Amino acid sequence: MEKSIEEINTRIRDGNARVVTAEEMPDIVAELGEEGALKEVDVVTTGTFGAMCSSGAFLNFGHTDPPIRMERVWLNDVEAYGGVAAVDAYLGATQQSTTQGDTYGGAHVIEDLISGRSVELRAISRGTDCYPRRTVTSTLLLEDFNDAVMVNPRNAYQNYNAATNSTDRTLHTYMGLLLPNSGNVSYSGAGALSPLANDPHYHRIGSGVPIFLGGAEGMIVGQGTQSSPATGFATLMTTGDLKQMSPDFIRAATYQGYGVTMYVGVGVPLPVTDLEVVRSTAVRDEDLMTTIVDYGVPHRDRPAIRRVSYAELKSGKVEINGEEVKTSSLSSYKKAREVAETLRGWVEQGSIELALPTRHFNAAKRTHPMRETKVVPMVREVMDPEVVCITEDEPIIAAATRLLRGETNHLPVLDTDGFLVGIVTTYDVTKAVARPDDRLLVRDIMTRKVVRTTPDEAVDIAAQKLNRNNISALPVVDPANRVIGMLTALDLGKLLGGRWQ
Amino acid sequence: MKLMVSFSKKKVREPIIARVVKDTGVLINVERARIEPGEGEVLIDVPNGSADEVSQKMRDMGATVRVLEDAIHHNETECVDCGACISICPQDVFSFDDDWNLVLDQKRCVLCGRCLQACPHGALSLLR
């Protein structure tokens, strides 16, 4: 048995459609069987509510008198992209205020507008014969715009990695606060309630499908940017009318130390047309797996710690290397439920009709990394391989002599086996000489916690280490912890100038 | 019960906590201490039955004592019940109820302030 979309829409119009949320579907299928569920259920609603950085809105302001071609546009001091047309701009959710930094951004402007608050528009232009005006300032409400159309390039990830942090310092990321030494795990996504988790083969999700977006009826434009269905990481490009949206389902947010983002509510109603829809909507949190990855490693391909199900993540704790680690989500499951429930109400009341995709996703598409024609230099390319070292048993005076002779300010300190155990600087030696006490040997004055780098580390990461620790040199060590070079701020300075050519 | 003890260093030169423990025999758990050049603030946990006695002793020595009830202000309008605060709290103040509403166990809070940093929606603040 199969059901046509017309059949389902007729039932919706007549108010007879049986609508359930994706959370209820597994039990229904378990009880009635697949055929029974297909007969009984007409629509399954899904929902998710989480941070979706890749969001924003096209705004049309209307023409001024005399007219202006707005080249640079700010709304409440947040710059919108004006390179679209005379009085159009695209306001990105993550763009930050020029005056308030990460406490206010594009997402906040959008939330202010849909909450009925006014925003200040400023724009500048060179002035042309057809658009002579050069500046404009105005205070606008959402209703003053001709158009305010949300177009989100990348929403509702099918799956997203969970995050932890193996380093010894707290990280501030788009996955939230990650405590040192894998002290917590953060994750995102509504699990079995998520739209794409309920249609993993993109059978009923595609271009033209009506959805819930930010409290309004929106539409799937097509595959989202960076969508990678072949690896199970599909995304949606969505659109909807900002004027119909609600601050209940669009919320500005700031991740401290990372920046502004926007929480968006997205829900897709899935017409139960055939057994494939029944099977895919019967998914449970236990069946949905993701990977906990280590955000402490500053590379594109971060190491996987382990596979984990959404059921485990939602339980509040997972086990990593035999230890229990607390989990928390960045997306709101309560709000995801609200999205799915609201959408259920719309279908039941007949205020939304369903449609089949006018274009299906390309399930073979996979995202690839950027083709970099000019690679980031590695530490080995700029380090100084001539290193003057000292051992921990030598007197301080020997360190002074070596610093002078080596014309350096940093001496890595080695133990008798030649492994790095500390570092002394000109300052340490000067201090020891100026305040003579019983500290006579290098080991008495050296710093034991040495910040180090490796030859294959990107110089950007080494530079970040220098900055963060407020130091000016890093010993370069091989895997055995033998010093094979030094990287100083001076070496990094040599890179400047050629960098952007 | 949690008590917030504040004192100016000028006024209080004595080791207040040690003195109170010695005099009353009440075991005091220091959960947090902030000592500045001129003043200090210590968050202590004492058995409920001994709170009055301890408070009185400390006041007699010149400190200000107040019972800490609601340490964190949770703005429910801003909060979206995401739960970003849950795993970073060292005291397990935050959790979800059965309906995925965020709930707070204020009594556990030691005012570390980490949740303020973790909340993406600015829904948490410390009551001073």
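Residues numbered from 1 in each chain as written. Chains lettered and ligands numbered in written order. Predicted model: local features only at pLDDT ≥ 70, side-chain atom pairs only at ≥ 80, totals over all residues. Heavy atoms only, no water.

**Student:** If you had to explain the overall build of chain A to someone new, which residues and values would you point to?
**Tutor:** In terms of regular secondary structure, chain A is built from 12 helices and 33 strands. Principal axes of the C-alpha set define a box for chain A whose edges measure 95 × 70 × 40 Å. Counting the 501 residues in chain A, one finds 51% classified as buried. Once local pairs closer than 6 in sequence are excluded, the contacts in chain A between residues at least 24 apart make up 67%. Working note: accessible area of chain A is about 23,100 Å², and carbon and sulfur atoms make up 49% of it. Between the mean site of the 50 positive side-chain charges and the mean site of the 64 negative ones, chain A shows a separation of 4 Å. (Helix = DSSP H or I, 4+ residues; strand = E, 2+ residues; numbered from the N terminus. Buried < 20%, exposed > 50% of the residue type's maximum accessible area, 1.4 Å probe, protein only. Contact = heavy atoms within 4.5 Å. Areas by Shrake-Rupley, 256 points an atom, 1.4 Å probe, with all protein chains shown as cover. Lys, Arg positive; Asp, Glu negative; His and termini not counted. Charge placed at Lys NZ, Arg CZ, Asp CG, Glu CD.)

**Student:** Give me the interface of chain A and chain B: which residues, what numbers.
**Tutor:** Each partner contributes to the interface: chain A provides 26 residues, whereas chain B provides 23 residues. For the pair chain A and chain B, the two sides together bury roughly 1,900 Å², of which 52% comes from carbon and sulfur. Of all residues in chain A, Leu-177, Lys-326 and Lys-334 of chain A bury the most surface against chain B, accounting for 28% of the area lost on that side. Between chain A and chain B we count 15 residue pairs in polar contact (both at pLDDT 80 or more) in total. (Buried area = accessible area lost by both parts, 1.4 Å probe. Polar contact = N/O pair within 3.5 Å; in protein donor to acceptor, adjacent residues only side chain to side chain.)

**Student:** Residues and numbers for the packing of helix α8 (residues 396–406) of chain A against helix α9 (residues 426–434) of chain A, please.
**Tutor:** Residues and elements named next belong to chain A. The interhelical angle for the contact between α8 and α9, taken along N-to-C directions, is 135 degrees, at an axis separation of 10 Å. In terms of orientation, α8 and α9 fall into the oblique class. Where α8 crosses over α9, the handedness of that crossing is left-handed. Facing α8, whose interface residues are Ile-396, Ala-399, Ala-400 and Leu-403, α9 presents Thr-426, Val-429 and Ala-432. In terms of residue class, the contact of α8 with α9 is made up of six nonpolar, one polar and no charged. (Axes fitted to C-alpha atoms, helices over the stretch in contact; angles between N-to-C directions. Parallel < 35°, antiparallel > 145°, perpendicular 65-115°, else oblique. Left-handed = near helix turned anticlockwise from the far one by under 90°. Nonpolar A, V, L, I, M, F, W, Y, C, P; charged D, E, K, R; others polar.)

**Student:** Give me the lowdown on helix α1 (residues 16–24) of chain B, citing residues and values where you can.
**Tutor:** Residues and elements named next belong to chain B. The set of residues buried in α1 consists of Ile-16, Val-20 and Thr-24. Down the axis of α1, the sector holding all buried residues measures 40 degrees, keeping them to one side. Buried residues along α1 sit in contact with β1 (2–8) and α2 (51–60). Gly-25, located one to two residues past α1, shows a positive phi value of around 75 degrees. (Arc of directions from axis to C-beta.)

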